[in-house]
Amino acid sequence: MYRAQKIIDTRKAPSYAAQMAKHFAHKIDVEVADDLIVFHFNAGTGRVEVGEAHLTLHVEAASQPQMQEVARILARHLERFAFREGLSIAWPDIL
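Calculation notes
- As a convention, each chain's residues are numbered from 1 in the sequence order in which they are written.
- Side-chain atom pairs in this predicted model are given and counted only at pLDDT of 80 or more, local residue features only at pLDDT of at least 70, and totals for whole chains, interfaces and linings cover all residues.
- The side-chain figures draw on all heavy atoms in the structure; neither hydrogens nor water molecules are used.
- Each helix corresponds to a stretch of at least 4 residues labelled H or I by DSSP, and each strand to a stretch of at least 2 residues labelled E; elements are numbered beginning at the N terminus.
- Radius of gyration: over C-alpha atoms. The globule rule applied is 2.2 Å multiplied by the number of residues raised to the 0.38 power.
- One speaks of a salt bridge when a side-chain nitrogen belonging to Lys or Arg is within 4 Å of a carboxyl oxygen belonging to Asp or Glu.
- Per-residue accessibility, obtained with a 1.4 Å probe over protein chains only, is compared with the maximum for each type, and a residue is labelled buried under 20%, exposed over 50%, and partly exposed between these values.
- Under this scheme, a helix contributes an axis fitted over its contacting stretch, all axes are lines through C-alpha atoms, and angles between N-to-C directions fall in the 0 to 180 degree range.
- Just so you know how the angles are binned, under 35 degrees is roughly parallel, over 145 roughly antiparallel, 65 to 115 roughly perpendicular, and the rest oblique.
- Crossings are classed by handedness, with left-handed meaning an anticlockwise turn of the near helix from the far one by less than a right angle and right-handed meaning a clockwise turn.
- Residue contacts follow a heavy-atom distance rule, with two residues in contact if any of their heavy atoms lie within 4.5 Å.
- When residue character is reported, Ala, Val, Leu, Ile, Met, Phe, Trp, Tyr, Cys and Pro are called nonpolar, Asp, Glu, Lys and Arg charged, and the others, Gly included, polar.
- If DSSP finds at least two bridges between two strands, the strands pair.

Asker: It is not clear to me how the overall build of the chain should be interpreted in this structure. Could you clarify?
Answerer: What the chain contains, in helices and strands, is 2 helices and 5 strands. The order of α-helices and β-strands along the chain, N terminus first, is β-α-β-β-β-β-α. Relative to its length of 95 residues, the chain is compact, with a C-alpha radius of gyration of 12 Å against a globular reference of 12 Å. Viewed in the frame of its principal axes, the chain has a C-alpha envelope of about 30 × 25 × 20 Å.

What follows is the structure, encoded as structure tokens:
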């Protein structure tokens, strides 16, 4: 199993997490608990832990390419939702 983690500092963490959960719930299985959202993609699993001023993104998949795909999906959508903040997410360790 391949895993990666990325912490994203943002003052709107709860808002962005809620947007992501709502957006993806129309397409895939999404589990929402207090401060944790789990996304079940075909390629693997993404988890978002929500803090007051940060999000911690976790990705897990059976292969490196699948893990990279899940990481790109989460990053791309979060950047889109946070465009006003100019948020840019890089996964240098895996991409």
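Asker: Quick question: what am I supposed to make of the pattern of salt bridges here?
Answerer: As a working rule, side chains carrying opposite charge can pair if their charged atoms are close by. For the structure shown, the criterion picks out 2 salt bridges. In this structure, Glu60 engages Arg3 in a salt bridge whose closest nitrogen and oxygen atoms are separated by 2.7 Å. One end of the pair, Glu60, is in strand 5 (residues 54–61); the other, Arg3, is in strand 1 (residues 2–9), with 57 residues separating them in the sequence. Measuring nitrogen to oxygen at the nearest pair gives 3.8 Å for the salt bridge that ties Arg47 to Glu49. Among the residues examined, Arg47 registers a relative accessible area of 32% and is labelled partly exposed. Under the relative-accessibility criterion, Glu49 is labelled partly exposed at 33%.

Asker: When you look at the packing of helix 1 (residues 13–25) against helix 2 (residues 64–81) in this model, what are you seeing that I'm missing?
Answerer: The contact between helix 1 and helix 2 brings their axes to 10 Å, and the two run at 120 degrees. Judged by the inter-axis angle, helix 1 sits oblique to helix 2. Crossing hand, helix 1 versus helix 2: right-handed. Two secondary-structure elements touch here, helix 1 through Tyr16, Gln19, Met20, His23 and Phe24 and helix 2 through Ile73, Leu74, His77, Leu78 and Phe81. A class-by-class count of the residues in the contact of helix 1 with helix 2 yields 7 nonpolar, 3 polar and no charged.

Asker: When you look at the sheet that holds strand 3 (residues 36–40) in this model, what are you seeing that I'm missing?
Answerer: As a general point, the strands of a sheet are linked pairwise by backbone hydrogen bonds and lie either parallel or antiparallel. Pairing is antiparallel in the open sheet, where 5 strands are placed in the order 1-5-4-3-2. Across the chains shown, the open sheet's two edge strands, defined by having one partner strand only, are strand 1 and strand 2 (29–33). Direction aside, neighbouring strands of the sheet carry axes that sit 15 degrees apart on average. In the sheet, strand 3 pairs with strand 4 (residues 44–50) via 5 bridges, with the strands oriented antiparallel. Bridge pairing links Ile37 to Val48 in strand 4. Of the strands in this sheet, strand 2, strand 3, strand 4 and strand 5 are in contact with helix 1, which crosses strand 3 at around 30 degrees. Seen against the sheet, helix 2 touches strand 1, strand 3, strand 4 and strand 5 and runs at an angle of roughly 155 degrees to strand 5.

It is worth stressing that arrangement in space is one thing and function is another; only the former is reported here.
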